Amino acid sequence: PNIDSISPILASRGQTFTMIIRGQNFPNTTSVTATPGSGIFIDSSPSVNAAGTEITLRVGIAAGAPLGSSVFRVFTPGGATTDAANPSNTFTVLE
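Residues numbered from 1 in each chain as written. Predicted model: local features only at pLDDT ≥ 70, side-chain atom pairs only at ≥ 80, totals over all residues. Heavy atoms only, no water.

Before going further, it helps to examine the pattern of salt bridges. Note on pairing: side chains with opposite charge can pair once their charged atoms come close. Tallied over the entire structure, the rule returns one salt bridge. Taking the shortest distance from any N to any O, the salt bridge between Arg-22 and Glu-54 comes out at 3.2 Å. With a gap of 32 residues between them, Arg-22 in strand 3 (residues 16-24) and Glu-54 in strand 7 (residues 54-61) connect regions that are remote in the sequence. Accessibility expressed as a relative area gives 34% for Arg-22, which makes it partly exposed. You can call Glu-54 partly exposed: its relative accessible area is 24%. (Salt bridge = Lys/Arg side-chain N within 4 Å of Asp/Glu carboxyl O. Helix = DSSP H or I, 4+ residues; strand = E, 2+ residues; numbered from the N terminus. Buried < 20%, exposed > 50% of the residue type's maximum accessible area, 1.4 Å probe, protein only.)

Structure (structure tokens):
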């Protein structure tokens, strides 16, 4: 799988929102993670569109979540997206 973009790319502590991850080869997605993931709560049942190019999931940021960036990754039976931070997979927690 490969991530082309995530939206939104930032949120404040205490927010809960819907995130959309766009990319390729997402069919049969088993999980989505954030690293570091302290204080970031990710829906355990992400929804993938029929083309396997878009994942929709709920994300919550704890009131005490650490500030800064996290890399979002998608896991499928065929592998996982990169763990290297880049603009397409990096999410930032703001105050």
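Further notes follow.
Before going further, it helps to examine the pairing of strand 3. By the alternation rule, side chains of strand 3 split into Phe-17, Met-19, Ile-21 and Gly-23, which are all buried, and Thr-16, Thr-18, Ile-20, Arg-22 and Gln-24, of which none is buried. Here strand 1 (residues 2-7) pairs with strand 3 via five bridges, running antiparallel. Note on strand 3: the bridge partner recorded for Ser-5 is Arg-22. Pairing analysis gives seven bridges linking strand 3 to strand 7, with the strands arranged antiparallel. Bridged to Phe-17 within strand 7 is Val-59. (Pairing = 2+ DSSP bridges.)

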